[in-house]
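Spelled out, the chains give:
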Amino acid sequence: MPKIRRRDVSKWIKSVAQSYGMRVGEIGYLFCDDEKILEVNREFLQHDYYTDIITFDYCDDDTINGDLVISLDTVRTNAEQFGKDYEEELHRVIIHGILHLCGIDDKGPGEREKMEAAENKALAMR
């Protein structure tokens, strides 16, 4: 289990969600290894590749609800690859999932840049 200050992270997530006009409902977290996230990716999304996070969106109007499946293996690999601190990268991945629940996408043209800007803004709020 990663070292996360649950109370601090909860407050941070609420602040980020509020900045998008959203409230926080129920958010579930599953921290796993690469093999588990690959299994989830194949089973639920029919994707055959590793990833750092999969977000399942159960939002209702202005309340964010969802499950975040996070591969700690990939988070660690990405932190090393990008020269980032592991904890910083983990927080980036967590907020990435929360931003998806707030309605921000990263798959279409120009959306990745918007997501990165939103991640940086949210990380500055920590």
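Scroll up a little and you will see the structure.
Rules behind the numbers
Note that residues are indexed from 1 along each chain, following the sequence as it is written. Totals for whole chains, interfaces and linings use every residue, but because this is a predicted model, local features are given only for residues with pLDDT of at least 70 and side-chain atom pairs only at 80 or more, for both listing and counting. To get the side-chain values, take all heavy atoms of the structure and skip hydrogens and water. Numbering of helices and strands runs from the N terminus; a helix is a DSSP stretch of H or I covering at least four residues, while a strand is a stretch of E covering at least two. Residue exposure (1.4 Å probe, protein chains only): buried if accessible area is under 20% of the type maximum, exposed if over 50%, otherwise partly exposed. Between two residues, a contact is recorded if the distance between any of their heavy atoms is within 4.5 Å. Per-residue and other accessible areas were derived by the Shrake-Rupley procedure at a 1.4 Å probe size, with only the shown protein chains allowed to occlude residues. In summary, the charge assignment counts Lys and Arg as positive and Asp and Glu as negative, without counting His or the chain termini. We put the charge of a Lys on NZ, of an Arg on CZ, of an Asp on CG and of a Glu on CD. It is the directions from the helix axis to the C-beta atoms that the arc portrays. Angles run from 0 to 180 degrees between N-to-C directions of axes, and those axes are lines fitted to C-alpha atoms, restricted for helices to the stretch in contact. Handedness of a crossing is defined here by the sense of rotation of the near helix relative to the far one, left-handed for an anticlockwise turn of less than a right angle and right-handed for a clockwise turn. Three classes are used: nonpolar for Ala, Val, Leu, Ile, Met, Phe, Trp, Tyr, Cys and Pro, charged for Asp, Glu, Lys and Arg, and polar for all others, with Gly counted as polar.

The subject of this paragraph is the overall build of the chain. For the chain, the helix and strand inventory stands at five helices and three strands. Tracing the chain from N to C terminus, the helices and strands come up as α-β-α-β-β-α-α-α. Expressed along its principal axes, the backbone C-alpha trace of the chain runs to roughly 35 × 30 × 30 Å. Counting all 126 residues of the chain, 44% fall into the buried class. Counting only contacts in the chain whose residues sit at least 6 apart along the sequence, the fraction spanning at least 24 positions is 59%. Carbon together with sulfur atoms contributes 46% to the accessible area of the chain, which is approximately 7600 Å² in total. Measuring between centres, the 17 positive side-chain charges of the chain sit 8 Å from its 26 negative side-chain charges.

Moving on, we get to helix α3 (residues 72-82). Taken together, the buried positions of α3 are L72, T74, V75, N78 and A79. For α3, the angular spread of buried residues about the axis comes to 160°, placing them on one side. Among the exposed residues of α3, those pointing more than 90 degrees away from its buried face are E80 and Q81. Where the residues of α3 are buried, they touch β1 (23-32), α2 (34-45), β3 (63-71) and α4 (86-101). Taken from the residues just after α3, G83 is the one with a positive phi, measuring 65°.

To continue, consider unusual backbone geometry. With a phi angle near 55°, Q46 is a residue other than glycine that sits in the positive phi range. Inspection of the secondary structure assignment puts Q46 in the loop between α2 and β2 (53-57). Overall, Q46 belongs to the exposed group, its relative accessible area being 60%. Although it is not a glycine, D61 adopts a positive phi angle of roughly 55°. Tracing the backbone through its elements, the reader meets D61 in the loop between β2 and β3. We classify D61 as exposed; its relative accessible area is 71%.

Moving on to the packing of α4 against helix α5 (residues 111-124). One way to put it is that α4 packs onto α5 with a least axis distance of 10 Å and a crossing angle of 115°. Considering the relative orientation of α4 and α5, their crossing is right-handed. Mapping the contact onto sequence places H91, R92, I95, H96, L99 and H100 in α4 and R112, M115, E116, A118, E119, N120, A122 and L123 in α5. Residues of the contact of α4 with α5, tallied by class, amount to six nonpolar, four polar and four charged.

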